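The chain contents come next:
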Amino acid sequence: MTAGGANAPDRTGLGVLEDVFTTARAESRAALIAYLPAGYPTVAGSTGLLTQALDAGADLVEVGLPYSDPVLDGPVIQHAVDTALRGGVRVRDTLSVVETLAARGGRAVVMTYWNPVLRYGPEAFARDLASAGGLGVITPDLVPDEEHGWLAATTTHAIAPIFLVAPSSSEQRIATTAAATRGFLYTASTMGVTGARDAVSDTARALVERVRRHTDLPLGVGLGVRSGSQASEVASFADGVIVGSALVSAAEQGRAAVARLTSELAAGVRGNHTGR
Amino acid sequence: MTTSPGGLPTASSGLAEHGHDPDAAGHFGRFGGRFMPEALIAAVDEVAAEYDKARHDPEFLAELDRLQRDYAGRPSPITDARRLSEHAGGARVLLKREDLNHTGSHKINNVLGQALLTQRMGKTRVIAETGAGQHGVATATAAALLGLECVVYMGEVDTERQALNVARMRLLGAEVVPVTTGSRTLKDALNEAYRDWVGTVGNTHYVLGTAAGPHPFPMMVRDFHRVIGLEARAQVLEQYGTLPDAILACVGGGSNAIGIFHPFLDDSSVRLVGCEAAGDGVETGRHAASITGGSVGALHGAFTYLLQDEDGQTIESHSISAGLDYPGVGPEHSFLRDIGRAEYIPVTDAEAMDAFRLLCRTEGIIPAIESAHAVAGAVRLGRELGPDATLLVNLSGRGDKDVDTAARWFDVVDPASLPTEEPASPDAAAGEREL
């Protein structure tokens, strides 16, 4: 994919994202993916928290782009995003957070509802995110059926369009969604909104098994993970463990709490991992 | 086409093939579609498949017609508003009386259809969003009738201001959940209903209250309301021997408007005029006119006109009519505007309230403030077209719910006699909030 020949590392967003999972797999573990929204509590504060997560062992961060109507988010993330929006956070702030993280070697994708991207212009968003050093975009309310040029834009700028599958997805939808996705496939562990849960439901493992029949993409499992032991459990069958609400709750306590929880989760994804 | 007593088309006729359906994925031109989480796609697929079966099932259609006739009171009459006409340039103004339906508005048309569909799907629970109650009350009503569990999401701000409607829903056996997130109004109630549905699709149907949201809701809700236009077209032709020159309806989400417009789409001589809530005036930025004063984007499941800032964040809408106080609009209206088949005009709070008073005093009808926007549009258009014109107005709801708001606006009662919860501003005094 790069001009440097077959052995040169692929430094595009797609290439770097692939590295995240290849590295984790080489270490017989799952990757830890940490979500925190840009602008919470402030733009600088969010950069600090995300940096802390990366330093404490997150392999990849999802930088949340705050949106006024987050229909797939539970109360914890809604509150954080509300705070960010009331603080005046802009779309360009999310891009600048990514840029700051990437400049110091951090690996970041953006998690965003679709309308802010539509308004920005999907082509322009892909271009500006790639130039900021972002690796991909998770779009929780965009299904590939409605991508209208998004796949072409992400291909042009070599970043990953990351779609979601859910326990309710039909076999056919899993297949078409996986076919449109690059980087990793976001696998929703349960039918519900974001939020920490006491137990990771059995549906997660079952869904991962179903999805594996359709794709070789790395599978990141999200929704409900909050502890090292849950991370360890999910890591036993998934390629990536995604943690959001629990980290946002920790962020309310400050950077030290984020570091503590991230370390615990990072240990989790390294333990009890039986590989594929 | 089946007919009701009086020879008029029945509700089930609205579900018959009519050649104006969206494509298989729910697109009306570039609008509509499904901008929503994958987790809910299976649920809307199920609704679409079940609706497709139901609209061809004689038993379902017969039951819908029976309920619409014996329970909701269809058909609704047409009233020739002769004294109002004097204020509308002498134009003949005909009112389609959806205010006379059970529960007091057109909302019952959609709710009966979706409640029957819920039963067909073997689901036992319905959820609904409501701003202050009209759709919530209608849903609670249908749920009581069919023995379904019912949960209504309502912004906390609205539950406080509309305590009476909360009580109505609870009397009907529904659970009312105050929504405390975001702006704590209608759009947040809608967000919360989606969040509920993601976790409960196994036993729950989401009774969306307007012809908006993801496919198939814009199409299905429209079809349940097409009876308004089918009846009106037959009534006007029979009683006046001609088609109207223009049809006027208020547009929030746009369900009553699409219901009355739709059977006239192929009558190219008939102007279709949607009256959007302009609040303090579109130029002030404090309005709910998504088509007149908005731009295109994706909100709550569809690509459509909406109120958004330059970052794509939804802007809060403002209208004295809470039923129109929503920052989006159904995708088929966006389509009809783009192809030039329908026109959309802004009507301010002040114009709507003038029309509200005018209709009260000339015809003895207290309209919903939502519907008063359409009356205002008719007065304006009548003055333009003169006495030869025939205008058909969808009087989508009655105004009992708005008496408190109107009493404050016109200062007709001693303030001390009104409930003590004094709203902070005229728009905060809004009555029903509905899509």
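In this text the structure is predicted, and so the values were computed from the model without any measurement.

Calculation notes
- Residues numbered from 1 in each chain as written.
- Chains lettered and ligands numbered in written order.
- Predicted model: local features only at pLDDT ≥ 70, side-chain atom pairs only at ≥ 80, totals over all residues.
- Heavy atoms only, no water.
- Helix = DSSP H or I, 4+ residues; strand = E, 2+ residues; numbered from the N terminus.
- Rg over C-alpha atoms; globule rule 2.2 N^0.38 Å.
- Buried < 20%, exposed > 50% of the residue type's maximum accessible area, 1.4 Å probe, protein only.
- Contact = heavy atoms within 4.5 Å.
- Areas by Shrake-Rupley, 256 points an atom, 1.4 Å probe, with all protein chains shown as cover.
- Buried area = accessible area lost by both parts, 1.4 Å probe.
- Salt bridge = Lys/Arg side-chain N within 4 Å of Asp/Glu carboxyl O.
- Polar contact = N/O pair within 3.5 Å; in protein donor to acceptor, adjacent residues only side chain to side chain.
- Pairing = 2+ DSSP bridges.
- pLDDT = per-residue confidence, 0-100.
- Axes fitted to C-alpha atoms, helices over the stretch in contact; angles between N-to-C directions.
- Phe/Tyr/Trp six-rings, centres within 6.5 Å; stacked < 30°, edge-to-face > 60°.

A. Layout of the overall build of chain A. A tally of regular secondary structure across chain A gives twelve helices and nine strands. By the compact-globule yardstick of 19 Å for 276 residues, chain A fits well, its C-alpha radius of gyration being 17 Å. The dimensions of chain A, computed from C-alpha atoms along their principal axes, are 45 × 45 × 35 Å. Classification of the 276 residues of chain A by burial places 63% in the buried group. The contacts in chain A between residues at least 6 apart in sequence include a share of 72% that link residues at least 24 apart. Carbon and sulfur atoms make up 51% of the accessible area of chain A, which totals about 9,900 Å².

B. Inspection of the interface of chain A and chain B at higher detail. With 35 residues of chain A at the contact, the number on the chain B side is 35 residues. Overall, the association of chain A and chain B removes approximately 2,800 Å² of surface from exposure, summing both partners, and the carbon and sulfur fraction of that is 49%. Among the residues of chain A in contact with chain B, Val71, Arg119 and Glu146 of chain A are the three that bury the most area, contributing 22% of the side total. Our count for the contact surface shared by chain A and chain B stands at four salt bridges. Residues Glu38 of chain B and Arg173 of chain A are paired through a salt bridge, measuring 2.9 Å at the closest nitrogen-oxygen approach. At the boundary of chain A and chain B, one finds 23 residue pairs in polar contact (both at pLDDT 80 or more). Among the secondary structure elements, those contributing two or more residues to the side of chain A that touches chain B are helix 3 (75-86), helix 5 (114-120), strand 6 (164-165) and helix 8 (171-180) of chain A. The biggest single contributor to the side of chain A that touches chain B is helix 5 of chain A, with five residues.

C. Representation of the pairing of strand 9 (residues 246-251) of chain B in the model. All names here are of chain B. Where burial is concerned, most of strand 9 is hidden: six out of the six residues are buried. In strand 9, alternate side chains face the same way, and those of Ala246, Leu248 and Cys250 on one face and Ile247, Ala249 and Val251 on the other are all buried. Pairing geometry for strand 9 and strand 10 (residues 271-279), over six bridges, is parallel. Each residue of the ladder has a partner; that of Val251, found in strand 10, is Glu276.

D. Region of the structure containing the side chain of Asp69 of chain A. Tracing the backbone shows Asp69 of chain A in the loop between strand 2 (60-64) and helix 3. A polar side-chain atom of Asp69 of chain A sits 2.9 Å from a polar atom in the side chain of Ser68 of chain A. Of note is the side chain of Asp69 of chain A, whose polar atom sits 2.7 Å from the side chain of Thr314 of chain B. What Asp69 of chain A contacts, discounting residues up to four positions off in sequence, is Lys187, Asn191, Leu299, His300 and Thr314 of chain B.

E. Representation of the confidence of the model for chain A. Residue and element names in this part refer to chain A. Averaged over every residue, the pLDDT of chain A is 93; the share at 70 or more is 95%. Scored below 50 in pLDDT, residues 1-5 shows eight contacts in the model against residues more than four places distant or in partner chains. Low pLDDT, under 50, characterises residues 272-276; the stretch is placed with 14 contacts to residues that sit more than four places away or in other chains.

F. Broad picture of the sheet that holds strand 11 (residues 295-299) of chain B. Residue and element names in this part refer to chain B. Judged by pairing direction, the sheet is antiparallel, and its four strands sit side by side in the order 1-2-12-11 without closing on themselves. The open sheet has two free edges, formed respectively by strand 1 (27-28) and strand 11, since each of these has just one partner strand. In terms of strand pairing, strand 2 (residues 31-35) meets strand 12 (residues 301-306) through two bridges, oriented antiparallel. Bridge pairing links Gly32 to Phe303 in strand 12. Taken strand by strand, helix 12 (residues 331-338) contacts strand 1, strand 2 and strand 12, and its axis lies near 45° from that of strand 12.

G. Representation of the packing of aromatic side chains. Residue and element names in this part refer to chain B. This model, assessed by the stated rule, comprises 13 aromatic pairs over all chains. When the centroid spacing of 5.8 Å and the interplanar angle of 75° are considered together, the rings of Trp197 and Tyr206 count as edge-to-face. Exposure remark for Tyr206: the relative accessible area of 0% places this residue in the buried category. Through a chain of ring-to-ring contacts, the aromatic side chains of Phe31, Phe35, Phe303 and Tyr305 assemble into a single cluster.

H. Summary view of the environment of Val207 of chain B. Looking at the secondary structure, you find Val207 of chain B in the loop between strand 8 (204-206) and helix 9 (217-240). When residues no more than four places from it in sequence are discounted, the contact partners of Val207 of chain B are Val111, Gln114, Val126, Ile127, Ala128, Glu129, His135 and Thr139 of chain B.

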